[in-house]
Amino acid sequence: MATTAPVHPVDEVPPVRQLAAFGLQHVLAMYAGAVAVPLIVGSAMKLSAADLAYLITADLLVCGIATLVQCVGFWRFGVRLPIMQGCTFAAVSPMVLIGTTGGGLPAIYGSVIVAGLAIALLAPVFGKLLRFFPPLVTGTVILIIGVSLLPVAGNWAAGGQGAKGFGEPKNLALAGFVLLVVLGVQRFAPAFLSRIAVLIGIVVGLAVAVPFGFTDFGGVGDADWLGISTPFHFGTPTFHASAIASMLVVALVTMTETTGDLIAVGEMTDRRVEPRTLADGLRADGLSTVLGGVFNTFPYTAYAQNVGLVGMTRVRSRWVVAAAGGILVLLGLLPKLGAVVAAIPAPVLGGAGLVMFGTVAASGLKTLAQVDFKGNDNLTVVAVSVAVGMLPVGVPTVYAQFPDWFQTVMNSGISAGCLTAIVLNLLFNHLPGKADSPTKVAEPDEASATA
């Protein structure tokens, strides 16, 4: 009697009801970050309210398409893991500079298209670098990703950076209430409900926030029912050498960050990323970035916010995130729906973010638990990498006097920490050892034998 091979949890397709709930949870976890990039860039360029709204809907549409490409995949595009895609913050400063001094949105989109093509072409090269990401490096990078995201959750919990009542006790109380709801549901609710603990926390938090005046839905009535982003809405792209050069630096940063995120999700889902699948994931990033330049939005990368949600809920199906991609497409085509989601107050997202981003950091510690720290310098690799990665997080202006290209690379704690971990691992564990220490890294059985 023939037996069918078991389906890996990554490839399982949950019932439609669960797909919708889990998918919406992923959308809510990344929505604030997704719309922040077009808001920041558009505001810096002093665009009209109508143009800002257009940028946001275009961004949500391409976010959804990019997520579908990454999760579902076709040919050699897509890592086929539960990965959400969104605009990268690494590109914000260069794009603001290009947009305000070097040709406006057409110049931004020209450089974005070239950067996307470069990412697609360089993807196989990055795929071959996977051997330089042992558990020592991947655990450190995952830890840095989680810790570097915690200030984002903290800003949300306090009311959102720049908000009028930032830091008021009522904001932190609402965030704390949402956090307690998430923890309570995860601990005491049945299995299915515990997996949507973040969604329940956000819904309950929103229900409490409305009567206490934290938000209103006035913007929903003003939003259009239908909005379709057309190619080159802001004009034909222009190509400037300086703009392209700065965006190519951004491309290298986003490839490094995406590599860390893909490896992290591979660890969490028990489907380790191989050189070929890493290249496929990066190639999908490149395609999405090209689409961003064509459809009036910006460079795309894997979103670390949602990595923590995968680890926390233990829902590993890529089809759940594909459902989230479908929801984003709807939000991009139906601005009124997008306005409803946008009405969720920042403290509600902050309470949920604290547990999600903390889960990413904890996953990094779990990976580092596999590493041997006896009789070697691995502790130094972790210590210095985390320190370098946290430097721009704790002191955002630390590199303000450095060249723009240096700031683009090092102002991202994730890319700074990742590059440091790779270099230090090569230095301490791959170069010839000191004369009195011919073997730099003891094997686990050797270490236990000499202990």
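Source: prediction; values computed, not measured.

## So, a nonpolar patch on the surface
Taken together, the side chains of Leu122, Val125 and Leu252 define a hydrophobic patch exposed on the protein surface, amounting to about 240 Å² of accessible area. By secondary structure assignment, the location of Leu122 is in helix H4 (residues 104-127).

## Looking at helix H5 (residues 135-157)
Note: α-helices contain 3.6 residues per turn, so residues at a spacing of three or four share the same orientation. The first and last C-alpha atoms of H5 sit 32 Å apart over 23 residues, in line with the 33 Å expected at 1.5 Å per residue. After H5 finishes, the residue Gly159 shows a positive phi value of roughly 120 degrees.

## Some points on the packing of aromatic side chains
Throughout the structure, instances matching the rule amount to seven aromatic pairs. Geometrically, the ring pair formed by Phe74 and Phe77 is stacked, given 5.1 Å between the ring centres and 20 degrees between the ring planes. According to the relative accessible area criterion, Phe74 is partly exposed, its value standing at 41%. Judged by relative accessible area, Phe77 falls into the buried class, the value being 15%. On the numbers, 6.1 Å between centres and 45 degrees between planes, the contact of Trp75 with Phe77 is tilted. Taken together, the ring pairs in this structure connect Phe74, Trp75 and Phe77 into an aromatic cluster.

## Focus on the nonpolar core
With 111 residues, the main nonpolar core has Met95, Ile108 and Phe298 as its most contacted residues. Ignoring anything within four residues of it in the chain, the contact list for Met95 reads Val37, Val41, Ile108, Val112, Met247, Phe298 and Pro299. Grouped together as the second largest cluster of nonpolar side chains are eight residues, Leu136, Ala361, Val371 and Leu424 included.

## What about the environment of Val96?
Along the chain, the position of Val96 falls in helix H3 (residues 92-101). As a C-alpha pair, Val96 and Phe132 span 36 residues in sequence and 34 Å in three-dimensional space. Residues in contact with Val96, not counting those within four places in the same chain, are Val41 and Ala44.

Parameters at a glance
Residues numbered from 1 in each chain as written. Predicted model: local features only at pLDDT ≥ 70, side-chain atom pairs only at ≥ 80, totals over all residues. Heavy atoms only, no water. Patch = residues over 30% accessible without salt bridge, like charges linked within 9 Å, V, L, I, M, F, W, Y side chains within 5 Å. Areas by Shrake-Rupley, 256 points an atom, 1.4 Å probe, with all protein chains shown as cover. Salt bridge = Lys/Arg side-chain N within 4 Å of Asp/Glu carboxyl O. Helix = DSSP H or I, 4+ residues; strand = E, 2+ residues; numbered from the N terminus. Expected span 1.5 Å × (residues − 1). Phe/Tyr/Trp six-rings, centres within 6.5 Å; stacked < 30°, edge-to-face > 60°. Buried < 20%, exposed > 50% of the residue type's maximum accessible area, 1.4 Å probe, protein only. Core = buried A, V, L, I, M, F, W, Y, C linked by side-chain atoms within 4.5 Å. Contact = heavy atoms within 4.5 Å.

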